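Spelled out from the first residue to the last, the chains are:
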Amino acid sequence: MKLNVLVPVKRVLDYQLKPVLNSARSGIETAGFKFSINPFDDIAIEEALKLQTALPKGSVTTHAVSIDSNPSCRDILKNCLAKGIQDVTWINSETNVLEPLAIAKILKQFVNKGEYNMVLLGKQAIDDDSSHTGQMLAGLLNWPQLTNASKVEVSKEIDHVTVTSETDQTADQVLKSSLPCIITADLRLNTPRYVSLPKLMKVKRKPIRELTLTKDFPEIDVTPRLTTISLNEPEVKKPGIIVGSVDELISKLKESKLI
């Protein structure tokens, strides 16, 4: 049995930058800012590469896909190729607004057109923090889902996968699933590798398969279902104070109308 891994990746504002609100556009300022691969998706890419190395040669295929309207997402996909991902696809969304449900519907059709038996993606994107896409995709495909993975082990026979993930309790939970399945990656799963310039140069001219929503996914409704009412900077945290007694603490809480 072969393991065919699909890794959806998203282009987001670089995690090292502080987002700046653009009040005129009611959104985050993007002009002139650096964009990178979503950190959680980068971890998913690394895990796919680890599976590619750990399992018998030729038994694993890896494919990265990005759904984006900006051609700059090709740079993200080239980075994936330089790391060792075997194939990549850019799905031109032809719009700037795609909600998790729309993304999940597109991925469902993409998965059905291929022969993938594992979708490995980040647990969330750092721009909207929705953490919905993996779960919605599992529901649409009717596949088992193993979320917030901190450890992934695929059997040598490639017939099942064991995933360790964090819980609210002190002990981690260990789940076992047959294939196909959906896995979402947590920060503890691994540390993504660094891509050297020579490796990037080697894949610079490698063609990237391009699909479009209107031509290749015409039946999928991507109309936004959510409306942003307002977007504001978080309130500045007030400095704490030290109280001398329980009575003073209660008095301060009453003044703040917390009790």
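Here, every reference points to the structure presented above.
Residues numbered from 1 in each chain as written. Predicted model: local features only at pLDDT ≥ 70, side-chain atom pairs only at ≥ 80, totals over all residues. Heavy atoms only, no water.

Asks: For this particular structure, what's the right way to read the packing of aromatic side chains?
Replies: Two aromatic rings are characterised by how far apart their centres lie and by the angle between their planes. In this structure the tally under the stated criterion is 1 aromatic pair. With centroids separated by 6.0 Å and ring planes inclined at 15 degrees, the aromatic side chains of Phe110 and Tyr116 adopt a geometry described as stacked. Note on Tyr116: relative accessible area 15%, which makes it buried. Arg11 extends its terminal NZ or CZ atom over the ring of Phe35, reaching a point 4.0 Å from the ring centre. One Lys or Arg, Lys113, reaches over the ring of Phe217 and ends 4.7 Å from the middle of that ring. (Phe/Tyr/Trp six-rings, centres within 6.5 Å; stacked < 30°, edge-to-face > 60°. Buried < 20%, exposed > 50% of the residue type's maximum accessible area, 1.4 Å probe, protein only. Lys NZ or Arg CZ within 6 Å of the ring centre and 35° of its normal.)

Asks: Sorry if this is basic, but what is going on with the packing of helix α3 (residues 100-113) against helix α4 (residues 133-141) here?
Replies: A pair of packed helices is captured by two measures, namely the crossing angle of their axes and the spacing between those axes. Packing of α3 against α4 brings their axes to within 9 Å, and their N-to-C directions diverge by 50 degrees. Taken together, the axes of α3 and α4 are oblique relative to one another. Judged by the twist between their axes, the crossing of α3 over α4 is right-handed. Of the residues in α4, those touching α3 at Pro100, Leu101, Ile103, Ala104, Lys105, Leu107, Lys108, Val111 and Asn112 are Thr133, Met136, Leu137, Leu140 and Leu141. Looking at the contact of α3 with α4 residue by residue, the class counts come to 10 nonpolar, 2 polar and 2 charged. (Axes fitted to C-alpha atoms, helices over the stretch in contact; angles between N-to-C directions. Helix = DSSP H or I, 4+ residues; strand = E, 2+ residues; numbered from the N terminus. Parallel < 35°, antiparallel > 145°, perpendicular 65-115°, else oblique. Left-handed = near helix turned anticlockwise from the far one by under 90°. Contact = heavy atoms within 4.5 Å. Nonpolar A, V, L, I, M, F, W, Y, C, P; charged D, E, K, R; others polar.)

Asks: Would you explain helix α1 (residues 39-54) in this entry?
Replies: Given 3.6 residues per turn, any residue in an α-helix points the same way as the ones three and four places further on. Between its first and last C-alpha, α1 extends 23 Å over 16 residues, near the 22 Å set by a 1.5 Å rise per residue. For α1, the set of buried residues is Pro39, Phe40, Asp41, Asp42, Ile43, Ala44, Ile45, Glu46, Glu47, Ala48, Leu49 and Leu51. (Expected span 1.5 Å × (residues − 1).)

Asks: I would appreciate a short explanation of the sheet that holds strand β1 (residues 3-9) in the present structure.
Replies: Hydrogen bonds between backbone groups are what pair the strands of a sheet, and the pairing can be parallel or antiparallel. Strand order across the open sheet formed by 9 strands is β11-β10-β9-β12-β8-β1-β6-β7-β13, with mixed pairing between neighbours. Both edges of this open sheet fall to β11 (173-178) and β13 (209-212), since each of them pairs with a single strand only. Within this sheet the neighbouring strands show an average axis-to-axis angle of 35 degrees, counted without direction. Where β1 lies against strand β8 (residues 118-122), 2 bridges are found, and the strand directions are parallel. By the bridge assignment, Leu6 is partnered in β8 with Val119. Packing against the sheet, α4 makes contact with β8, β9 (145-154) and β12 (181-185), and its axis sits at approximately 180 degrees to β12. (Pairing = 2+ DSSP bridges.)

Asks: It is not clear to me how the environment of Ser178 should be interpreted in this structure. Could you clarify?
Replies: Mapped onto the elements, Ser178 comes out in strand β11. For the pair Ser178 and Ser66, spaced 112 residues apart in sequence, the C-alpha separation works out to 26 Å.

Asks: Help me understand empty space enclosed by the protein, please; the structure alone is not making it clear to me.
Replies: Empty space among the atoms can be located by rolling a probe the size of a water molecule over them. A complete count under the given rule lists 1 cavity of 30 Å³ or more for this structure. Of the volumes computed, that of the largest cavity is approximately 50 Å³. Forming the boundary of the largest cavity are Glu99, Leu101, Ala102, Lys105, Asp221, Val222, Thr223, Pro224 and Arg225. Taken together, the residues of the lining of the largest cavity sort by class into 4 nonpolar, 1 polar and 4 charged. (1 Å grid on protein atoms, 1.4 Å probe; cavity = no way out; pocket = protein on both sides within 12 Å on 5 of 7 lines; lining within 4 Å. Points joined across faces, edges and corners; volume = space filled by probe spheres on them.)

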